[in-house]
Amino acid sequence: MREGLLGKRKYVAVVNNYSDCEETMAKLELQGALNVRTLFKLEKQYISEKRTRLEKRRTLKQIQKLDQEMELKETKRNLSLEASLENAEIDERRLVDARNALSGEILHEFVPATKIKGKEDFIPESTHYQFYNTEQFNVKIETEYDFHFPEHLNIYCFEEGNESEFEPSPSGSTGVLNYYLMDGGSILPVLALDIQPGNKILDLCAAPGGKTLLAIQTLYPDSVVANDASGSRCNRIHQVSRQFLYDLKERWIAPKKLQITNIDGRYFSHDNFDRILVDVPCTTDRHSVVENDNNIFKPSRVKERLKLPELQCELLVNALKLVKKGGVVVYSTCSLSPIQNDGVVHMALKQIWEETKIDVVVMDLAPALMQTKSVFKLAKRNLMKYGHLVVPYLLQNYGPMYFCKLKRIN
């Protein structure tokens, strides 16, 4: 019943580059699946073409306006000042009679308000409301116009309205599974990291390991640290790694290309990371709606639920301290809660401002995310102060997934 109200949850297939990659992609395409990177590129091309057309129209309008102004000047060229005065009308209401005792008061009506004595402290109404702003720090926000999709990362989805489902992944010739199924919204926090070749990556709350695997599938990182505070959830990361990474111990664990650590993320102390993903524990709204077991909204878990924002803030603050200068931190949740989303980002930025000398910039990805609109439905921008939110809807049922990109600049 609940699942019916929510609609069928949709997944994407992340192709495993350590299995039969080309063959897997061909099979997925035969099933009617579409490459997400291709969809993003097409949408980006449409946006670019539309912008070009708008710029052409704007230029033509400017030319037309200049032509009209030239014609008007040509028409008025022979009109002298004397001729203009002959046709002018005098507004007698503005004449001041010196014999009238009230003439001084009348004169004030035509003096600019900013010049009247006694109005020195006058401020516009819009400025007045700034005094009610309780913020004690300035949040720097920069706009990002492009959304990099790694060349070797191949993700497939079904088009909007298509209710087809991916079959469970078969094993390939290397003995690992050919693709990983995950909620489509989960790819955006990893893409927002903007992983570059040679980067050192930390997934601070990594279990069950899907986003760690996604980062590895870009083929860019030199090393990835997958951390989680729960021992049992770390076992789940190990399990996912064995299922999808060929020759795990020799190729990944031994050379420390992949490290799986069991540390409370608030006290994780190794630093010098280029990219950090903070996919925090949250109310997991979708899971909570359809599941009774282990539901965080149970009366017995009230205290745990109320402490979530504090925990989330501490995790994000620590990540901002661990990332290197010029590095990127992406904070994400699978919750619709404004408190757990923008609210936590705000608290963390305020704490960083008060307690450290670290400068952080919030990256506004709204223009860049326009290329994703054929795959994802995003919440309206005016509902978000810092981040972005994938909202589920029946035709393309991904999410919820909130993510916010933060860049350390010192």
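Note that the structure is predicted; figures quoted are calculated from it, not measured.

**Notes on the packing of aromatic side chains**
Then step 1. This structure, assessed with the given rule, holds nine aromatic pairs.
Then step 2. Ring geometry for phenylalanine 268 versus phenylalanine 273: centroids 6.2 Å apart, planes at 50 degrees, classification tilted. As far as the burial class goes, phenylalanine 268 and phenylalanine 273 line up, both buried.
Then step 3. Measuring from centroid to centroid gives 6.3 Å for tyrosine 331 and tyrosine 402, while their planes differ by 70 degrees, and the two rings are edge-to-face. Here tyrosine 331 is found in strand 10 (residues 323-333), whereas its partner tyrosine 402 is found in strand 13 (residues 401-408), with 71 residues between them in sequence.
Then step 4. With a relative accessible area of 0%, tyrosine 402 lands in the buried category.
Then step 5. In this structure an aromatic cluster arises from ring pairing among Phe40, Phe149, Phe376 and Tyr398.
Then step 6. In this structure, lysine 200 packs its charged tip against the face of phenylalanine 273, placed 4.9 Å from the ring centre.

**Quick look at the nonpolar core**
Across soluble globular proteins, nonpolar side chains have a tendency to be buried as a group.
Then step 1. With 54 residues, the main nonpolar core has Phe147, Ile155, Ile187 and Leu258 as its most contacted residues.
Then step 2. With five residues, helix 7 (residues 187-192) is the single largest residue contributor to this core.
Then step 3. Every residue in contact with leucine 258, bar those within four places of it in the chain, is listed here: Thr212, Ile216, Val224, Ala226, Ser241, Leu245, Leu248, Trp252 and Ile253.
Then step 4. In this structure, Leu204, Val323, Ala348 and Tyr402 belong to the second largest nonpolar core, which totals 36 residues.

**With respect to the pairing of strand 5 (residues 179-183)**
Then step 1. Burial within strand 5 is extensive, with four of its five residues counted as buried.
Then step 2. As defined by bridge partners, strand 1 (residues 11-15) adjoins strand 5 across five bridges and the pair is classed as antiparallel. Bridge pairing in strand 5 links valine 15 to tyrosine 179.

**Comments concerning the environment of glutamine 217**
Then step 1. Summarising the element assignment, glutamine 217 is placed in helix 8 (residues 210-217).
Then step 2. Each C-alpha atom, one on glutamine 217 and one on leucine 153, is 5.9 Å from the other, the two residues being 64 residues apart in sequence.
Then step 3. For glutamine 217, the residues in contact, after removing those within four places along its chain, are Val14, Val15, Asn16, Asn17, Tyr18, His152, Leu153 and Leu245.

**Re the pattern of salt bridges**
Then step 1. Counting across every chain of the model gives 12 salt bridges.
Then step 2. Here aspartate 183 makes a salt bridge to arginine 9, at a shortest N to O gap of 3.0 Å. Here aspartate 183 is found in strand 5, whereas its partner arginine 9 is found in the loop between helix 1 (2-6) and strand 1, with 174 residues between them in sequence.
Then step 3. Assessed through its relative accessible area of 7%, aspartate 183 is described here as buried.
Then step 4. Between aspartate 228 and arginine 233 there is a salt bridge, and its shortest N-O distance comes to 3.7 Å.
Then step 5. Accessibility expressed as a relative area gives 7% for aspartate 228, which makes it buried.
Then step 6. Accessibility expressed as a relative area gives 41% for arginine 233, which makes it partly exposed.

Definitions and cut-offs
- Residues numbered from 1 in each chain as written.
- Predicted model: local features only at pLDDT ≥ 70, side-chain atom pairs only at ≥ 80, totals over all residues.
- Heavy atoms only, no water.
- Phe/Tyr/Trp six-rings, centres within 6.5 Å; stacked < 30°, edge-to-face > 60°.
- Buried < 20%, exposed > 50% of the residue type's maximum accessible area, 1.4 Å probe, protein only.
- Helix = DSSP H or I, 4+ residues; strand = E, 2+ residues; numbered from the N terminus.
- Lys NZ or Arg CZ within 6 Å of the ring centre and 35° of its normal.
- Core = buried A, V, L, I, M, F, W, Y, C linked by side-chain atoms within 4.5 Å.
- Contact = heavy atoms within 4.5 Å.
- Pairing = 2+ DSSP bridges.
- Salt bridge = Lys/Arg side-chain N within 4 Å of Asp/Glu carboxyl O.

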